[in-house]
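# Reading the structure
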Amino acid sequence: MLRLQNVHTGMANFFASGVLSLGPTLGPILWQLPERVAFDPGVLDAFLSSLPRTRGEALSLARDHDARLDGRAWLEIEDDGPLRHALEPRSASFADPRAAEILRAHNVALVLADTAGRWPAFDDVTADHVYVRLHGSTELYASGYTPEELGTWADRVRRWQSGADGDGMPRDVYVYFDNDARGRAPHDAVSLDARLR
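A brief report on the enclosed structure follows. (Residues numbered from 1 in each chain as written. Predicted model: local features only at pLDDT ≥ 70, side-chain atom pairs only at ≥ 80, totals over all residues. Heavy atoms only, no water.)

## What about the overall build of the chain?
Within the chain one finds six helices and six strands. Across the chain, helices and strands are ordered from the amino to the carboxyl terminus as α-β-α-α-β-α-β-β-β-α-β-α. On C-alpha atoms alone, the chain measures out to a radius of gyration of 17 Å, which is about the 16 Å that the 2.2 N^0.38 rule sets for 197 residues. Principal-axis analysis of the C-alpha atoms places the extent of the chain at approximately 50 × 35 × 35 Å. Within the span of the chain, comprising 197 residues, buried residues form 44% of the whole. Here the contacts in the chain between residues at least 6 apart in sequence split such that 67% fall between residues at least 24 apart. (Helix = DSSP H or I, 4+ residues; strand = E, 2+ residues; numbered from the N terminus. Rg over C-alpha atoms; globule rule 2.2 N^0.38 Å. Buried < 20%, exposed > 50% of the residue type's maximum accessible area, 1.4 Å probe, protein only. Contact = heavy atoms within 4.5 Å.)

Shown next as structure tokens:
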């Protein structure tokens, strides 16, 4: 709703909501944008500049939460450590090469989303990690992935992990299956994991 602007309190509330209780198991934080949010270089750069880069920075930000979290905020961390971020835009305007440049400058992953053709799929590698969201290959949130499709995704994951794709830098890869309308997500995740072992 804020369209990446005036986000301080909203972000503080998010980080005070309990996510920091995950400690070092907290993976990349996903910032998903609706289709109506178009690429604006200044707005994107300012938003990414405001993101906390460590759990300690996130805790400091969380302390600025508003009254909605009074009495139920989580304001503790066991130890400090890095935070990673990923951005999933749904506007084709993010195909602008400047968007990838800004994301690279902030080490934020541009999400590669498979959305059954509903939204654009961006495949620029922009961070030291890759974040893939598989929403369904033929039917959004519902279709499962065939063995052949999972094999193709496994090959891509291996290339990112080895550094064979792009600039030669090995990357951590996160794959999230969101094709859960018919319960396919956990089965596809297990199948992909088996191909990567």
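## Re helix α1 (residues 8-16)
Among the residues of α1, Met11, Ala12, Asn13, Phe15 and Ala16 are the ones counted as buried. Where α1 is buried, its residues touch β1 (29-32), α2 (41-50), α3 (55-62) and β2 (85-88).

## Details of the packing of α2 against helix α4 (residues 97-105)
It is the contact of α2 with α4, at a shortest axis distance of 10 Å, that shows an interaxial angle of 15°. The orientation of α2 relative to α4 falls into the category roughly parallel. For the pair α2 and α4, the sense of crossing is right-handed. In contact with Pro41, Leu44, Asp45 and Leu48 of α2, α4 contributes Arg98, Ala99, Ile102 and Leu103. For the contact of α2 with α4, the class distribution of residues is six nonpolar, no polar and two charged. (Axes fitted to C-alpha atoms, helices over the stretch in contact; angles between N-to-C directions. Parallel < 35°, antiparallel > 145°, perpendicular 65-115°, else oblique. Left-handed = near helix turned anticlockwise from the far one by under 90°. Nonpolar A, V, L, I, M, F, W, Y, C, P; charged D, E, K, R; others polar.)

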